[in-house]
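Each chain, letter by letter, is given below.
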Amino acid sequence: RFFDFYGRAFDFSREVVCVRSGKRARPAADFPLHAIVDASGVKVEVGPSIEDPFDLAQNVAASLVLPSLRRFQEELKRAASLLLLLPEERGDN
């Protein structure tokens, strides 16, 4: 459920991952959003918002670059898909 939720249901551009409260929420008005740009410097999208539970004004995903974001999204979806397979389909013994 974790991988399916974060890979398919969670809207990283409009919600903040808040480990402290354990609830879905919109980022606070003063929370720093991270605009991820491509190599040409054109804004592509808002990156994930992951609140630091010890410093609420810190977005721990602020250093994420576009290739890393794409890979992160792919791996969440791949993990969700693999977990839906039967053990013998995954290659488990």
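Structure: see above.
Predicted, not measured: the structure shown is a model, and the values here were computed from it.

Sorry if this is basic, but what is going on with the pairing of strand β3 (residues 43–46) here?
Two faces make up the sheet, and in a regular strand the side chains alternate between them. Note: strand β2 (residues 35–37) against β3, three bridges, orientation antiparallel. Looking at the pairing, V37 lines up with K43 of β3. Connecting β2 to the antiparallel partner β3 that follows it, the hairpin turn spans five residues, and G41 within it adopts a positive phi of roughly 90°.

In this structure, what is going on with the pairing of strand β5 (residues 55–59)? I would like to understand it.
Pairing of strand β4 (residues 49–52) with β5 involves two bridges; the strand directions are antiparallel. Directly across from E51, in β5, lies its bridge partner N59. Linking β4 to β5, which pair antiparallel, is a turn of two residues.

Help me understand the sheet that holds strand β1 (residues 16–17), please; the structure alone is not making it clear to me.
Paired through backbone hydrogen bonds, the strands of a sheet run either parallel or antiparallel to each other. Strand order in the open sheet formed by three strands is β1-β4-β5, with mixed pairing between adjacent strands. For this open sheet the edge positions go to β1 and β5, each flanked by a neighbour on one side alone. Both β1 and β4 contribute to a ladder of two bridges, which runs parallel. When the sheet's bridge partners are listed, V17 is paired in β4 with I50.

I would appreciate a short explanation of the environment of A39 in the present structure.
Mapping A39 onto the fold places it in the loop between β2 and β3. Residue classification places A39 among the exposed positions, given a relative accessible area of 90%. For A39 and V65, which are 26 residues apart along the polypeptide, the C-alpha to C-alpha distance reads 9.8 Å.

The rules we used
- Every residue gets a number counted from 1 within its own chain, in the order that chain's sequence is written.
- Confidence filtering applies because this is a predicted model: local features only for residues at pLDDT of at least 70, side-chain atom pairs given and counted only at 80 or more, and all residues used for totals across whole chains, interfaces and linings.
- Heavy atoms from the whole structure form the basis of all side-chain values; hydrogens and water molecules are not counted.
- Only when DSSP finds a minimum of two bridges between them are two strands counted as paired.
- Numbering of helices and strands starts at the N terminus; helices are DSSP runs of H or I of at least 4 residues and strands are runs of E of at least 2.
- Relative accessibility decides the category of a residue: with a 1.4 Å probe and only protein chains considered, values under 20% of the type maximum give buried, values over 50% give exposed, and everything between is partly exposed.

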